[in-house]
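For reference, the chains in residue letters:
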Amino acid sequence: MIETDFTLCSLPMLYSRNKNRTYQERITRSLTALLTFMKANDLFAKDPFNSDGSLNRDFVLKQSEVTAEGVEMFRKVVPGWFNYLDKGGTVDNLTRLEKGLEKIRNPV
């Protein structure tokens, strides 16, 4: 049986969905916050940023490049965080991500 290495995050795909500048700036801000949080918490090793600190628009993250906790974040926590942002939440509020990761790392 061949397992598929699923794409968890593809910036080229996200940027191609809508050429609107406001949309692309929103995607850049939200993914910068998300990927900074995940990288800081050692959920993957690959660097999503360019040498100047900007988000690498060619960045693609595969399931095989993420820890088991990182996969759980993408399955259970990240969709809820994006829903929160869609409803007017701010990218600076990482509480949902922090609490979600805490639950994954320390299940009751």
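As the structure is a prediction and not an experimental result, all values here were calculated from the model. Sequence order as written defines the numbering, with residues in each chain counted from 1. Local features in this predicted model are restricted to residues of pLDDT 70 or higher, and side-chain atom pairs are both shown and tallied only at a pLDDT of 80 or more, whereas totals for entire chains, interfaces and linings draw on every residue. Side-chain measures were taken over the full set of non-hydrogen atoms in the model, leaving aside hydrogen atoms and water.

## A few points about the layout of surface pockets
Of the voids in this model, the largest pocket is the one considered here, and its volume is about 370 Å³. Both cavities and pockets are sets of points on a 1 Å grid over the protein atoms alone; in a cavity a 1.4 Å probe fits but cannot get out, in a pocket the set is open with protein on both sides within 12 Å along at least five of seven lines, and lining residues sit with an atom within 4 Å of a point. Together, 21 residues line the largest pocket, and Leu14, Ile27, Ser30, Leu31 and Phe82 are the ones closest to its centre. If one sorts the elements of the lining of the largest pocket by residue count, helix H2 (residues 21-40) sits on top with seven residues. Under this grouping Gly is polar, as are all residues other than the nonpolar Ala, Val, Leu, Ile, Met, Phe, Trp, Tyr, Cys and Pro and the charged Asp, Glu, Lys and Arg. Here the residues of the lining of the largest pocket are counted per class, giving 13 nonpolar, five polar and three charged. Grid points are joined across faces, edges and corners, and a volume is the space filled by probe spheres set on the points. Each helix corresponds to a stretch of at least 4 residues labelled H or I by DSSP, and each strand to a stretch of at least 2 residues labelled E; elements are numbered beginning at the N terminus.

## Section: the nonpolar core
Working definition of a nonpolar core: buried Ala, Val, Leu, Ile, Met, Phe, Trp, Tyr and Cys residues. They are joined through side-chain atoms within 4.5 Å. Relative accessibility decides the category of a residue: with a 1.4 Å probe and only protein chains considered, values under 20% of the type maximum give buried, values over 50% give exposed, and everything between is partly exposed. Ranked by size, the top nonpolar core spans 28 residues in total, and within it Leu11, Leu31, Leu34, Leu35, Met38 and Met73 carry the most contacts. At the level of elements, helix H1 (11-16), H2, helix H3 (68-86) and helix H4 (95-105) are the ones that each hand at least two residues to this core. Among the elements that take part in this core, H3 stands out by supplying eight residues, more than any other.

## Here we look at the packing of H2 against H3
The angle between two axes is taken between their N-to-C directions and runs from 0 to 180 degrees, where each axis is a line fitted to C-alpha atoms and a helix contributes only its stretch in contact. Across the interface, H2 lies against H3 with an axial gap of 12 Å and an inter-helix angle of 145°. Handedness of the crossing formed by H2 with H3: right-handed. Mapping the contact onto sequence places Arg26, Ser30, Leu31, Ala33, Leu34, Phe37 and Met38 in H2 and Gly70, Met73, Phe74, Val78, Trp81, Phe82, Leu85 and Asp86 in H3. Broken down by class, the residue content of the contact of H2 with H3 amounts to 11 nonpolar, two polar and two charged. Handedness of a helix crossing follows the sense of rotation of the near helix relative to the far helix, less than a right angle counterclockwise being left-handed and clockwise being right-handed. Contact between two residues is taken to exist if any of their heavy atoms lie within 4.5 Å; hydrogens are not considered.

## Notes on H2
Under the convention used throughout, the expected extent of a helix is 1.5 Å for every residue step, that is, one less than its residue count. When the terminal C-alpha atoms of H2 are compared, their 28 Å separation across 20 residues agrees well with the 28 Å that a helix rising 1.5 Å per residue should span. For H2, the set of buried residues is Gln24, Ile27, Ser30, Leu31, Ala33, Leu34, Leu35, Phe37 and Met38. Identification of polar contacts relies on pairs of N or O atoms within 3.5 Å, with a donor-acceptor requirement for protein atoms, meaning one able to donate a hydrogen and the other able to accept it, and with residues adjacent in sequence counted only if both atoms are side-chain atoms. The backbone nitrogen of threonine 22 lies 2.8 Å from a side-chain oxygen of the residue at the head of H2, namely asparagine 20. Following H2 by one or two positions, aspartate 42 has its phi on the positive side, about 55°.

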